[in-house]
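One-letter residues, chain by chain:
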Amino acid sequence: MATSSKKITDIIFPKDLPNSLFILLIIACLLLGLSYLRHDTGLQGWLHVFENWLLMLLIIPTATATVALPFKYRDPSLELKQMYYLGMFVAFLFTLAKLRYWR
């Protein structure tokens, strides 16, 4: 009986790149999302935080990976996990710019 013992990090993170970079990116996105508590400290502030977390950790990365699907069809060696984390990095940069310029 063959058992496949895969670690959760092998499933979540792309191979051939250090996992600590992706962990730091996720932590940075979570901490940057907490900056929206400056608008309001009550329930409305936490709704802003959750909205920003959804935007940075789910919506923009998923859209980036979806746009990369035709490239995956053309080049099977492309990892969609890398495109997902690229989208997360783009969302991180967008949020930094938004905090800087949109007051």
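In this text, all values refer to a predicted model and were calculated from it rather than measured experimentally. (Residues numbered from 1 in each chain as written. Predicted model: local features only at pLDDT ≥ 70, side-chain atom pairs only at ≥ 80, totals over all residues. Heavy atoms only, no water.)

Enquirer: Hey, could you go over the overall build of the protein for me, with residue numbers and the actual values?
Expert: A tally of regular secondary structure across the protein gives five helices and zero strands. Its helices and strands in sequence order give the protein the pattern α-α-α-α-α, from N to C terminus. In terms of overall size, the protein is more extended than a compact globule, its C-alpha atoms giving a radius of gyration of 16 Å where 103 residues would be expected to give roughly 13 Å. Its C-alpha atoms give the protein principal-axis dimensions of roughly 55 × 35 × 20 Å. Taken across its 103 residues, the protein has 26% of its residues classed as buried. Look at the contacts in the protein between residues 6 or more apart in sequence, and 58% of them connect residues 24 or more apart. Accessible surface for the protein amounts to roughly 7,500 Å². Of this, 69% is attributable to carbon and sulfur atoms. Across the protein, 10 positive and 6 negative side-chain charges occur, with their mean positions spaced 4 Å apart. (Helix = DSSP H or I, 4+ residues; strand = E, 2+ residues; numbered from the N terminus. Rg over C-alpha atoms; globule rule 2.2 N^0.38 Å. Buried < 20%, exposed > 50% of the residue type's maximum accessible area, 1.4 Å probe, protein only. Contact = heavy atoms within 4.5 Å. Areas by Shrake-Rupley, 256 points an atom, 1.4 Å probe, with all protein chains shown as cover. Lys, Arg positive; Asp, Glu negative; His and termini not counted. Charge placed at Lys NZ, Arg CZ, Asp CG, Glu CD.)

Enquirer: How would you sum up helix α2 (residues 19-33)? Please name residues and give values.
Expert: Here α2 contains 15 residues, and its C-alpha end-to-end distance of 21 Å stays within 8% of the 21 Å for a straight helix at 1.5 Å per residue. Its buried side turned inward, α2 meets α3 (43-67) and α5 (80-101). (Expected span 1.5 Å × (residues − 1).)

Enquirer: Break down unusual backbone geometry for me, with residues and values.
Expert: With a phi angle near 70°, Asp16 is a residue other than glycine that sits in the positive phi range. Tracing the sequence through the fold places Asp16 in the loop between α1 (8-12) and α2.

Enquirer: An account of α3 is needed here, citing residue identities and associated values.
Expert: In this model α3 runs 34 Å from its N-terminal to its C-terminal C-alpha over 25 residues, within 8% of the 36 Å that 1.5 Å per residue would give. Bending of α3 peaks at approximately 40° at the position of Leu55. Those residues of α3 that fall on the buried side of the exposure criterion are Gly45, Val49, Asn52, Trp53, Met56, Pro61 and Ala65. For α3, the elements touching its buried residues are α2, α4 (69-74) and α5. (Bend = angle between axes of the 7 residues up to and from the residue.)

Enquirer: Hey, could you go over the environment of Phe92 for me, with residue numbers and the actual values?
Expert: Structurally, Phe92 is set in helix α5. What makes Phe92 buried here is its relative accessible area of 16%. Once the C-alpha coordinates of Phe92 and Lys6 are considered, the two residues, 86 residues apart in sequence, prove to be 29 Å apart. Those residues in contact with Phe92 that lie beyond four places of it in its chain are Leu25, Ala28, Cys29, Leu32 and Met56.

Enquirer: Tell me about the packing of aromatic side chains, and name the residues and values.
Expert: This structure, assessed with the given rule, holds four aromatic pairs. Ring centres of Trp46 and Phe50 lie 6.2 Å apart, and the angle between their planes is 40°; on these two criteria the pair is classed as tilted. One end of the pair is Trp46 and the other is Phe50, both in helix α3 and four residues apart, which spans about a single turn. Plain terms: the ring middles of Phe50 and Trp53 are 5.5 Å apart, the flat faces sit at 65° to each other, and that makes the pair edge-to-face. A residue pair is termed a helical-turn pair when its members lie 3 or 4 positions apart in one helix, as Phe50 and Trp53 do in helix α3 at three residues. Given the relative accessible area of 44%, Phe50 is considered partly exposed. An aromatic cluster of at least three residues, connected via ring pairs, comprises Phe22, Tyr84 and Tyr85. (Phe/Tyr/Trp six-rings, centres within 6.5 Å; stacked < 30°, edge-to-face > 60°.)

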